[in-house]
Amino acid sequence: MRHFSLAVLLPALLLFSVSSMAVEVTYLQCGKLFDAESAQLRGEHVIEIRDGKISAVTAGKLDTGSIAKVGESNVTAVRQQDLSGHSCMPGLIDMHVHLRGETNPQRYSEGFRLNPADYAFRSVGYAEKTLMAGFTTVRDLGGEITLSLRDAINQGLVRGPRIYAAGQSIATTGGHADPTNGVAHFISDALGHPGPEEGVISGVDEARRAVRQRYKEGSDVIKITATGGVLSVAKSGENPQFTVDEVSEVVRTARDYGFRVAAHAHGKEGIRRAVEGGVDSIEHGTFLD
């Protein structure tokens, strides 16, 4: 059996080794090229792409003599696309999206009617629209659905941009991202009071637990709601909702796991506390001075 297994395994390993070195090459003939470093629109350029990554950008028209050949250096396919009537540019990056949904007049009531699966199916369409609008990378700052959407895109199951996902936002009790805000007491009591696992904290210890839960779930970045929000049913849209100690503990724990921390913040005092606590970015910053 040992000899038989080796005889079967070696050809399989050899096949895997050869196929893993296979290369697909695509050439894009661009009529113009936007150079993002110099902020200038330049003339004709050719973009060479090998296995999904840009390998060369050269000025002028495509030289047929320099086109890769199938079978040469493990090249398995060569494609050309004539974009001479178009301008090419780097993919756009949107640093703050929520691909689980779009704002609409039924947004609040949908929270009581839709299931996670409904949001998941909607997010697939929003992801493809975002990609086709030219955004090849996004940072999704809040929404547990997006972790699965990110993984599905990475596996090639659905079309969408590269996603850096925060997963569930971290809020304080009654804060902007507390999912029980505006819910009748008897319903809230039946559902139970959300804690760090659901992204709602009160105090330093729970701040630490909430970050660790996001790590456990596979988040790429940490998002906190340092103030109230414009689209929140909470009383104030700008009051500070974290203490400096709570922000500092979120940041300290996030650093242990290699996370950056983004802070939703409208009001000036909440912004000040977030910055003092060490966050990496302020989202919105409406009333900062």
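Residues numbered from 1 in each chain as written. Predicted model: local features only at pLDDT ≥ 70, side-chain atom pairs only at ≥ 80, totals over all residues. Heavy atoms only, no water.

K.L.:
Could you give an account of the sheet that holds strand β11 (residues 222–225), naming the residues involved and the relevant values?
P.N.:
Overall, parallel pairing links the three strands, which are arranged β11-β12-β13 in an open sheet. The open sheet has two edge strands, β11 and β13 (281–284), and neither has a second partner. Sheet twist, expressed as the average angle between the axes of neighbouring strands with direction ignored, equals 30 degrees. Two elements, β11 and strand β12 (residues 261–265), share four bridges in a ladder whose sense is parallel. Bridge pairing in β12 links Ile 224 to Ala 263. (Pairing = 2+ DSSP bridges. Helix = DSSP H or I, 4+ residues; strand = E, 2+ residues; numbered from the N terminus. Axes fitted to C-alpha atoms, helices over the stretch in contact; angles between N-to-C directions.)

K.L.:
A description of a nonpolar patch on the surface should follow, citing residues and the corresponding values.
P.N.:
A contiguous nonpolar surface patch, about 350 Å² in accessible area, is contributed by Phe 34, Leu 41, Met 89 and Leu 92. Within the fold, Leu 92 resides in strand β6 (residues 92–97). (Patch = residues over 30% accessible without salt bridge, like charges linked within 9 Å, V, L, I, M, F, W, Y side chains within 5 Å. Areas by Shrake-Rupley, 256 points an atom, 1.4 Å probe, with all protein chains shown as cover. Salt bridge = Lys/Arg side-chain N within 4 Å of Asp/Glu carboxyl O.)

K.L.:
Let's hear about the pairing of strand β1 (residues 23–35): which residues, and what values?
P.N.:
Sheet topology note: the β1/strand β5 (residues 75–88) ladder contains ten bridges and is parallel. Each bridged residue has a counterpart across the sheet, and for Cys 30 the counterpart in β5 is Leu 83. Alignment of β1 against strand β3 (residues 45–50), held across six bridges, turns out to be antiparallel. Looking at β3, one finds that Cys 30 is bridged to His 45. With three bridges connecting them, β1 and strand β2 (residues 40–42) associate as antiparallel partners. The partner of Phe 34 across the bridge, within β2, is Leu 41.

K.L.:
Tell me about the packing of aromatic side chains, residues and numbers included.
P.N.:
Counting across every chain of the model gives two aromatic pairs. Ring centres of Tyr 215 and Tyr 257 lie 4.3 Å apart, and the angle between their planes is 35 degrees; this geometry places the pair in the tilted category. On the criterion of sequence distance, the pair formed by Tyr 215 in helix α6 (residues 204–217) and Tyr 257 in the loop between α7 (244–256) and β12 is long-range, its members being 42 residues apart. A residue is classified by how much of its surface remains accessible, and Tyr 215, at 46% relative accessible area, is partly exposed. Judged by relative accessible area, which is 30%, Tyr 257 ranks as partly exposed. Measuring from ring centre to ring centre gives 6.4 Å for Tyr 215 and Phe 259, while their planes differ by 75 degrees; the resulting arrangement is edge-to-face. Pair noted here: Tyr 215 is in helix α6 and Phe 259 is in the loop between α7 and β12, with a separation of 44 residues, a long-range link. Residue classification places Phe 259 among the buried positions, given a relative accessible area of 5%. (Phe/Tyr/Trp six-rings, centres within 6.5 Å; stacked < 30°, edge-to-face > 60°. Buried < 20%, exposed > 50% of the residue type's maximum accessible area, 1.4 Å probe, protein only.)

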